[in-house]
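Survey of secondary and tertiary structure
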Amino acid sequence: MLTLLEQIDKGTLWRIPGGIHPPEHKTLSNQSKISRLPLADHYLIPVPGVGENCTLAVKVGDTVTKGQPLTLGEGFRHLPVHAPVSGKVVAIEERASNHASALPVLTCVIENDHQEKWIESVHAPLSLEQVAEMDNDAIIRRIQSAGIAGLGGAAFPTHIKLKPVSEIELLIINGVECEPYITSDDKLMQESCDEIVRGIEIVHQLLSPKRIIVAIEDNKPEAIEQMGHALNRSQLPSHCARVSKIPTLYPSGGEKQLIQILTGQEVPSGAIPANLGILVQNVGTAYSIAQAVYRNMPLVERVVTLTGQNIAKPGNYWVPIGTPVEHLLEVGQFRGDANAPVIIGGPMMGYMLPNVAAPITKGTNCVLMPSEQEVAPPSPEQPCIRCGECAQACPAQLLPQQLFWHAKAQEYDKAASYNLRDCIECGCCSYVCPSDIPLVEYYRVAKSALRQEAEEKKQAELAKQRFDSRTLRLEQEKLAREEKAKQAAERRKAQMTGSDKDAVAAAMARIQAKKAAEAQASAGATTEQPQDKVAAAIARAKAKKAAQKASSETETETTEQPASQVTGADNSESAALSQKEKVAAAIARAKAKKAAQDTSDTTEASQAPAQQGAETAPLSQKEKVAAAIARAKAKKAAQAGSNEQQTATVEHSDEPVERSGKPVKPSESQSASTDDAEGTEKADAAAAKKAKIAAAVANAKAKKAQQAGSGLEPKAEAATDAEPAKAVQVQAEAIDNAEANSPEAIKKAKIAAAVAKAKARKTHQAGSGDEPKAEVTTDAEPAKAAPVQAEAIDDAEANSPEAIKKAKIAAAVAKAKAKKAAQANASDEQLAPSESQTDIEDFADTEDFADTSSPEAIKKAKIAAAVAKAKAKKQAKAEAETPNNEHKD
């Protein structure tokens, strides 16, 4: 079995699937030689790579020479562009691009000076020996600096293609030119075959392939002949290079299709011919390689076919890169109107140019200006009828129908899954479609979207890499700083003295202690906060319950007291209460006092946990408000209970005598006075002031009585009889009011009352100078008893309950002595002692039922003493009046 190279040597060819035979229309432009057109005034050189892999080498206002580089770049993929003419850079701005979209692209505008001054680096052609002595890198550098790209239409950088990663066994020079109307390669092979062969020799020197094939369609006999002679004249091995004539079939000029025709091998999807050891170059590219290596001439012009029935001078012309298309239409005598189509490329793979101001680029090989007879106007798109003609005509063996559906639905990922990237955009499917569907246009849009998506993904990946690099760099810098700081700390530690170390250790200890205290405080506050809330709630509940209990007991006592009064009123024959009723009343009052004390103790006990919690941890605002409300409610409840009890006491004291008009016994008077004193205990600070006022009133009345003594003695005596009783009453009121205030105010009130009584006695004695000495003694004894009583009460307030009881007994003894002295001078001595004795016994009996340890017992003692003194004085007055009456008789 023959090897591949043996089959190639025998001229074996293979068929490709699909393909069409459109009308050629090549005779319009291949009848004349390649010529030159008049130069334009302005040239537009696109520089799209600026900012990505290159920079501008010129600026506005610079003067450039022909062949001077306009961009500079360092990367291997950089492909420079050059000035096609000499002149001046007048603008660097965005202009319409040579693309179906006519999107603006950065463009350098050069004004032509028509001097055609070349750059100095361009020299005379080198000899074959000089070129043979050049190394591959120098050749690649010359090709790259010349800016040579694939002139077959793809415009891929040639220097990259000439440095493959794998070994090349077969070099194919593509001279097929299967596109209708285009004849630029045909005429170039006919007229410059030797230059093309020199370029092939340079490529052979770089790659050293085993075989070289120049592929030409059989419809170009002259080019086949010329290239054959040129190969025979070349330095290439005779058995290495040959010309292969292939059948005319569109698109046999495609790279993958040409490889399949010549070798029978298919390039895998997503792969390149270099993976199979094959390299394909265009004949125009080979010509440019020879110019760059031999003369160091950059790619500044190329052969362009101007054809179509709408141009008067069709043909092939050397056109500088950057020439505006409108200039070519002008010099070629374009005969179409403004709506006439201008197609860049052939009718199959070309595209309609929307703006004729766009320039000629390195990949522009043809400008087609067809008439309406050549190219029909675009027909409206019809629905696909699923005929399958597109699939049969596809040379890449794709499914154009599936690709169309996904591309139209913008499902580009699904279209890519059907190998959309393998489409060569040959246009065979659109050509054979009976529904006039522009399939290739849909595929181009889908490819553009996929390229944009891939570019965005690439940029995102690069950004991620930059971010990762930055993160790594920052981490390394951080570690370096930490290491540097650690070393500096170690140096400082080594230089540190003992005292410095102690200071540092102390500071660290303080910091740790502070942190521990803060942590403990936060933990304690978090733990005790719920307990504070519970304690406050319990305190509020206990206070409310105690207030309710005190209120209910007070109401019960109030109810019992009017009942006892009604009973006493009905039994008018009996003026005094029984012993049992006294005992019951005293017990009720003791219970009420005890309940009030329990309420106060409960409130204080309920507030104690809250205060203790507040001392431990500060209460929140809500807890403070709740505690204050609880205290206010407890105080209000206690005040309400005392007010109700005071009201009941006043009702009892309003009726001192019974309905029969008889005086109430001392026990009843004492009970009423005791109830009144219980209501007075809750008075405010104004009670002391009232006591002082009462004492002042008593003094005023005493002075008034003294002044009146100089007049009628009976009136004075009557006043004198009334004044002691009033003084005693004033003293009782002063003592009761002072009870709710400070001890000093109480003592002052007592002294004032005693002084008032003494003055009253002195006035009485002065008014009745002829009274017996016994009367004076009788009058003086109560005055002495009053200070004794005040001193006894003062001492009792400052001592224990036993001292209080002794004080009460001393006061009673003093009163008894005073009464006894008065009784010795009276005629009816037996009545007064019995009454005094009855008073003392009633006083003692009442005091036995009272609680001697409470403030109530003290107040009762005061009242009893005052009542006893009042009675003694009254009796003394009665005894004094009896002798006077007898004397008058």
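Keep in mind the model is a prediction, meaning the values are calculated, not measured.

A tally of helices and strands in the protein yields 26 helices and 16 strands. Sorting the 889 residues of the protein into buried and exposed places 43% on the buried side. Taking the contacts inside the protein whose residues are at least 6 apart along the sequence as the reference set, 75% of them involve residues at least 24 apart. Carbon together with sulfur atoms contributes 54% to the accessible area of the protein, which is approximately 47000 Å² in total.

Moving on to the packing of helix α3 (residues 136-145) against helix α6 (residues 193-207). Closest axis-to-axis distance for the α3/α6 pair is 10 Å, and the angle between their directions is 130°. As judged from the angle between their axes, α3 and α6 are oblique. Of the two possible hands of crossing, α3 and α6 adopt the one that is left-handed. Across from N136, I139, I140 and I143 in α3, the residues of α6 making contact are I202, Q205 and L206. Considered class by class, the residues forming the contact of α3 with α6 number five nonpolar, two polar and no charged.

This next bit is on the nonpolar core. L162, I196 and I200 are the most contacted members of the largest nonpolar core, which has 48 residues in total. At the level of secondary structure, the elements contributing two or more residues to this core comprise α3, β8 (170-175), α5 (184-191), α6, β9 (211-217), α7 (221-233) and α9 (283-295). For I200, the contacting residues outside a window of four places in its chain are L171, I173, I212, V214, L236 and A286. Grouped together as the second largest cluster of nonpolar side chains are 24 residues, I8, A215, L258 and C428 included.

The sheet built from four strands is open, its strands ordered β2-β7-β6-β4 with antiparallel pairing. Two strands bound the open sheet, and with one partner strand each, they are β2 (42-46) and β4 (63-64). With five bridges connecting them, β2 and strand β7 (residues 104-112) associate as antiparallel partners. Following the sheet pairing, P46 is matched in β7 by T107.

Right, let's get into the state of the cysteines. One pass over the structure, following the stated rule, counts zero disulfides. With no disulfide partner, C428 has as its closest neighbouring cysteine sulfur the one in C426, 3.5 Å distant. Relative accessible area serves as the criterion here: at 0%, C428 is assigned to the buried category.

A few words on α9. Taking 1.5 Å of rise per residue, 13 residues should cover 18 Å, and α9 covers 18 Å from first to last C-alpha, within 8% of that figure. Among the 13 residues in α9, 12 count as buried, and that is most of the element. Residues V283, G284, T285, A286, Y287, S288, I289, A290, Q291, A292, V293 and Y294 constitute the buried set of α9. At the exit of α9 stands N296, carrying a positive phi of roughly 55°.

Relative to the helices and strands, V367 is located in strand β16 (residues 366-368). Residue V367 is classed as buried on the basis of its relative accessible area of 0%. Separated by 21 residues in sequence, V367 and G346 have C-alpha atoms that sit 7.8 Å apart. Setting aside residues no more than four positions away along its own chain, V367 makes contact with V304, T305, L306, T307, V325, L328, V342, I343, I344 and I360.

In this section: the packing of α5 against α9. It is the contact of α5 with α9, at a shortest axis distance of 9 Å, that shows an interaxial angle of 45°. Relative to α9, the element α5 lies oblique. Every residue of α9 that contacts α5 at D185, L188 and M189 is listed here: V283, G284 and Y287.

Turning to the pattern of salt bridges, a few remarks are in order. Applying the stated rule across the entire model yields 18 salt bridges. Taking the shortest distance from any N to any O, the salt bridge between R95 and E93 comes out at 2.7 Å. In this structure R95 comes out as partly exposed when scored by relative accessible area, which is 31%. The salt bridge partner of E411 is K414, with a shortest N-O separation of 4.0 Å. Bridged by salt links that share partners, the residues E425, E441, R444 and K447 form one connected network.

All right, on to the sheet that holds β8 then. Strand order in the open sheet formed by four strands is β10-β9-β8-β11, with parallel pairing between adjacent strands. Where the open sheet ends on each side, the last strands, each with one partner, are β10 (241-246) and β11 (278-282). Between one strand and the next, the sheet's axes are offset by a mean angle of 25°, whatever the strand orientation. Contacting β8 and β11, α9 crosses the sheet at an angle of about 80° to β11.

Next up on the list: unusual backbone geometry. A cis amide bond, omega 5°, links Y250 with the succeeding residue P251. Locating P251 in the fold gives a position in the loop between β10 and α8 (255-263). Backbone geometry places H114, a non-glycine residue, at a positive phi of 60°. Residue placement: H114 occurs in the loop between β7 and α2 (128-133). Classification of H114 as partly exposed rests on a relative accessible area of 45%. Located in the positive-phi region is D436, a residue other than glycine, with phi close to 55°. You can see D436 is positioned in the loop between α14 (428-432) and α15 (439-495).

Here we take up the packing of aromatic side chains. Going through the model one piece at a time under the given rule, you end up with two aromatic pairs. Measuring from centroid to centroid gives 5.1 Å for F404 and Y442, while their planes differ by 75°, and the two rings are edge-to-face. Of this pair, F404 sits in helix α12 (residues 400-408) while Y442 is found in helix α15, placing the two residues 38 residues apart along the sequence. A relative accessible area of 5% means that F404 is categorised as buried. We note R198 situated over the ring of Y294; from NZ or CZ to the ring centre the distance is 5.8 Å.

Moving on: the confidence of the model for the protein. Chain-level statistics for the protein give a pLDDT mean of 76 and a share of 64% at 70 or above. Across residues 561-577 the pLDDT falls below 50, and counting only partners more than four positions away or on other chains, this stretch makes 25 contacts in the model. Here residues 827-853 is modelled with pLDDT under 50, and outside its nearest four sequence neighbours on either side it reaches 36 contacts, counting other chains as well.

Turning our eyes to something else, we now look at the side chain of R302. Within the secondary structure, R302 is located in strand β12 (residues 301-307). Within the buried core, R302 has no salt-bridge partner, and the shortest N-O distance to an opposite charge, that of D185, equals 5.0 Å. A polar atom in the side chain of R302 sits 3.1 Å from the backbone oxygen of L151. Setting aside residues up to four positions removed in sequence, R302 forms contacts with L151, S184, Y317, W318, V319, I321, T361, K362, G363, T364 and N365.

To continue, consider a nonpolar patch on the surface. A contiguous nonpolar surface patch, about 260 Å² in accessible area, is contributed by V504, M508 and I511. Counting through the fold element by element, M508 comes out in helix α16 (residues 498-570).

Taken together, the side chains of E52, D413, E453, E455 and E456 define an acidic patch exposed on the protein surface. Top contributing element to the negative patch by residue count: α15, with three residues. Given the relative accessible area of 49%, E456 is considered partly exposed.

We now examine the environment of N219. Following the sequence through the fold, N219 ends up in the loop between β9 and α7. The spatial distance from the C-alpha of N219 to the C-alpha of E177 is 10.0 Å, given a sequence separation of 42 residues. Within the local environment of N219, its side chain forms a polar contact with the side chain of K220, the two groups lying 3.2 Å apart.

Definitions and limits used
Residues numbered from 1 in each chain as written. Predicted model: local features only at pLDDT ≥ 70, side-chain atom pairs only at ≥ 80, totals over all residues. Heavy atoms only, no water. Helix = DSSP H or I, 4+ residues; strand = E, 2+ residues; numbered from the N terminus. Buried < 20%, exposed > 50% of the residue type's maximum accessible area, 1.4 Å probe, protein only. Contact = heavy atoms within 4.5 Å. Areas by Shrake-Rupley, 256 points an atom, 1.4 Å probe, with all protein chains shown as cover. Axes fitted to C-alpha atoms, helices over the stretch in contact; angles between N-to-C directions. Parallel < 35°, antiparallel > 145°, perpendicular 65-115°, else oblique. Left-handed = near helix turned anticlockwise from the far one by under 90°. Nonpolar A, V, L, I, M, F, W, Y, C, P; charged D, E, K, R; others polar. Core = buried A, V, L, I, M, F, W, Y, C linked by side-chain atoms within 4.5 Å. Pairing = 2+ DSSP bridges. Disulfide = S-S within 2.5 Å. Expected span 1.5 Å × (residues − 1). Salt bridge = Lys/Arg side-chain N within 4 Å of Asp/Glu carboxyl O. Phe/Tyr/Trp six-rings, centres within 6.5 Å; stacked < 30°, edge-to-face > 60°. Lys NZ or Arg CZ within 6 Å of the ring centre and 35° of its normal. pLDDT = per-residue confidence, 0-100. Lys, Arg positive; Asp, Glu negative; His and termini not counted. Polar contact = N/O pair within 3.5 Å; in protein donor to acceptor, adjacent residues only side chain to side chain. Patch = residues over 30% accessible without salt bridge, like charges linked within 9 Å, V, L, I, M, F, W, Y side chains within 5 Å. Charge placed at Lys NZ, Arg CZ, Asp CG, Glu CD.

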